[in-house]
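Here is how the chains run, residue by residue.
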Amino acid sequence: MPFRQFVVKLHSRCDLACDHCYIYEHADTQWKGRPRAASGDVLPRTAKRIAEHARAHSLDTVHVVLHGGEPLLAGVHLIRLAAEELRRELSGVSALDLRIHTNGVLLDRRFLDLFAEYDIKVGISLDGDRAANDLHRRYADGRSSYAKVLKAIDLLQQPEYRRLFAGLLCTIDVRNDPIAVYDALLALKPPRLDFLLPHSTWDEPPLRPDGPESTPYADWLGAVYRRWEDQGRPVPVRTFDSVLRTLHGLSSLTENLGLEPADLVVVETDGTLEQADSLKTAYDGASATGFNVFDHDFDTAARHPGMIDRQHGLEGLCQECRNCPVVRSCGGGLYAHRYESGSAGTGFDNPSVFCRDLLTFIGDVAEHERMTGEPRVEAELLSEDQLDQLASGYGDADVVALLGAEQLEIGRELLATVWDRAADRFESKPVWDLLTTLDAEAPEALDATLAHPYTRAWAMRCLDGDAGADLGGMAEIAAVAVLRVGVEKEVPVPVRRGGVLRLPGLGLLLLDGPGTAIVSGTADGFTAALDGVVTRVRWTGADRRWQPVRRIAAGPDWTVALEDTDPQRDIHQWPVADRLDDAELAAWEAGLTEAWRFVHRAMPRYAGGVAAGLSNITPLQSAPPGKDVSAAARDAFGTVGIARPTAADTLALLIVHEFQHVKLGAVLDVHDLFDRDDARLFRVPWRDDPRPLEGVFQGTYAHVAVTEYWRARWHDLSGQVGVGATADHALAEFARWLGHTAEALGILSESGSLTRLGGRFVAGMEATLTPWLDELRSDHGDTARPVVTRTR
């Protein structure tokens, strides 16, 4: 199994003397013979080895933590060297998630400016309030470190650095008040928290003030967990989230819990390769492998017996653990905590020294979930009430806006990943610096730009190596954000083939030939200078070279952009239309206005979600006679592609139908509804070709709306004079799609691959269909029976 997590030691000493430190205060003494700082040849070699490993195993992302000792003792120059080497070697190979973990006492703007430049996330160790922290985290002369750490956290909370804050890590001491510790940490507004059990073994057991049979660590964690639950889970807590996930069959987020194989390796300051640092608490040399980055690759280290021992999952545990009712959550606890020397010589073939605490705490969490009837997996995006709204087929404006906000965060992450992959292209560095400045000083303008549906499509194309996308997209995004905020800033933007200057979400400008235009805002528009020729554009002007994105007010509650300018819009499985002329634009305006009236009248429960989330429609080329063409794109939240139909009610159907795909795609980005490793194909009644499970889910969800459309048409036409044949057609289509959708729900239910939330989502769709089935049977009996044929 390949490594995915790399701990790179920059410095082997520390400026604090924490008496619970597993490196300096436990069994291991190897640190004494290591160089204080990583040498100039260790870091380049390490970066090359990591890239070599990532390339060999086709890793999408590698996670690197710069560590110590105290890594800030290495200084700005050495940290910069590490970041530069890693980014250069991994460029074009894998995305790099680069982090640093520090005690915080030396953290200042010099370091944070460096971390902002290289997008290095910062985690800080803090054990609670001053009293709790001072119990262990002191200088060698006894001085408190608390004030300096708080100063560092305050600096991290400044707008220009906030995005770098990864979270706080607290080591438990049961002598500290758990609620006081938790409240003190929460008051610092960290993006996430974690609580660690103090490193201990059966040889050196943890403190138990009430005797060896007591469970003080379960009591301590339980008190914090209950407060966290009572507050509505205000912040992700890795230990709690991991227990909740594993109780529901999902993976753990930490090596301390769960049965996932270990995928971490440590590089010491001299280039030595070691197992997890926590093993240093077991015995002197426990983490050693005998390998180093100069003579051995990471595949060699991965074959070390100690590494392999931590990859056997359930089979790698002792018999007592394998028989335990919470083993899939506990996972035997941290490997190091199982160690016992003694005459029996069992080594690591034992339960954790915290076994009773883990059993009690995990059992209490499971019981709490059962008693409250709220088996939520973790502090995720959607509550189950919100998920139920969406599962019914609908979802109000607030829920859809929440999906949109999460899509915006995904867009931000993708933008950072694009930059990570191209960190060696230094010509793009000024643009990236501008984007980070805008993020700090004008986040609303940057958010509005990144929310453009085709920003994510461009980023995905970059990451896929598509020749039609390049780093110039970052300059286009930066230029639009600058124009939105109105600052006086010149931005160099590439002019594409055909003289196209792309300004995503605003429009495009046609210039004379390719090159690089300097874009700058004016009071009423912008200028673009190319090869000494300055083109001036007014937002309200009529220059034919400027093709703005045009917006249509379909109703008082919905204004939608017709996107016929963005070159990145060609992702809808059907050719996009060219720039709409005035007559076609007027036809779209009339059609959308009438279609929106239909949605409000006949399908009102869809209206709020569409208005909140569908910001954009991309016109597609005309469909063949008798055929309707529309499509959503998985990587373009907020838009659908439609070939304009003649009938407004058909346009309403296509809008609602495709927006179902948009919503479900956003849900699947944040929740696992099914086993993504299930590669089976399933036959569905509306297609000749078998579909993967996600395709079945998407089609079923979309056809809930299709079914409701035909039901609404049937009700609209019933009783009207002279429309009998049309009403009969609507009834037949209602029965047909109701049967198809009900059958597909059965396929999903019987797949055996639904997660708990997936089962709940399917049940929500079934709850919407059930009264329609009853209605059809009671009103028409066998004359309009739903068409249900088993096709699996």
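Residues numbered from 1 in each chain as written. Predicted model: local features only at pLDDT ≥ 70, side-chain atom pairs only at ≥ 80, totals over all residues. Heavy atoms only, no water.

1. Description of the nonpolar core
Counting residues in each nonpolar core, the largest one holds 98 residues, and the members touching the most others are Leu-66, Ile-79, Leu-107, Phe-115 and Phe-195. Not counting residues within four places of it along the chain, the set of residues in contact with Phe-115 comprises Leu-72, Ile-79, Ile-100, Leu-107, Ile-120, Val-122 and Leu-164. If you look at the next biggest cluster of nonpolar residues, it comprises 81 residues, including Leu-592, Tyr-606, Trp-710 and Leu-773. (Core = buried A, V, L, I, M, F, W, Y, C linked by side-chain atoms within 4.5 Å. Buried < 20%, exposed > 50% of the residue type's maximum accessible area, 1.4 Å probe, protein only. Contact = heavy atoms within 4.5 Å.)

2. Overview of the layout of surface pockets
Of the pockets and cavities examined, the second largest pocket occupies roughly 1,300 Å³. Every residue lining the second largest pocket is counted, 39 residues in all, and those nearest its centre are Ser-630, His-657, Glu-658, His-661 and Arg-687. Looking at the lining of the second largest pocket, the elements that each hand over two or more residues are strand S20 (630–631), helix H22 (648–670), helix H23 (693–717) and helix H24 (724–750). Residues that form the lining of the second largest pocket fall into these classes: 19 nonpolar, twelve polar and eight charged. (1 Å grid on protein atoms, 1.4 Å probe; cavity = no way out; pocket = protein on both sides within 12 Å on 5 of 7 lines; lining within 4 Å. Points joined across faces, edges and corners; volume = space filled by probe spheres on them. Helix = DSSP H or I, 4+ residues; strand = E, 2+ residues; numbered from the N terminus. Nonpolar A, V, L, I, M, F, W, Y, C, P; charged D, E, K, R; others polar.)

3. Comments concerning the confidence of the model for the protein
Looking at the protein as a whole, its pLDDT mean stands at 89, while 95% of the residues score no less than 70. Confidence drops under a pLDDT of 50 for residues 374–379, and excluding neighbours within four residues, the segment shows 28 contacts in the predicted structure. Below a pLDDT of 50 lies the segment residues 787–792, which in the model reaches 21 contacts outside its immediate sequence neighbourhood of four places, other chains included. (pLDDT = per-residue confidence, 0-100.)

4. Structural notes on H24
Spanning 27 residues, H24 covers 39 Å between terminal C-alpha atoms, matching the ideal 39 Å at 1.5 Å per step. Following H24 by one or two positions, Gly-752 has its phi on the positive side, about 75°. (Expected span 1.5 Å × (residues − 1).)

5. As for empty space enclosed by the protein
Any empty space left between the atoms is revealed when a probe the size of a water molecule rolls over them. Taken as a whole and assessed by the stated rule, the structure comprises four cavities of 30 Å³ or more. Estimated volume of the largest cavity: approximately 60 Å³. Taken together, Lys-9, Ser-12, Ile-23, Tyr-24, Trp-31, Arg-34, Gly-68, Gly-69, Glu-268 and Lys-280 form the lining of the largest cavity. For the lining of the largest cavity, the residue count by class is three nonpolar, three polar and four charged.

6. Description of helix H7 (residues 216–230)
If you check H7, its first and last C-alpha atoms are 21 Å apart, about what 15 residues at 1.5 Å a residue would give, namely 21 Å. Extensive coverage of H7 is indicated by the burial of eleven of its 15 residues. Of all the residues in H7, the buried ones are Pro-216, Tyr-217, Ala-218, Trp-220, Leu-221, Gly-222, Ala-223, Val-224, Tyr-225, Trp-228 and Glu-229. Phi turns positive one or two residues past the end of H7, at Gly-232, with a value near 80°.

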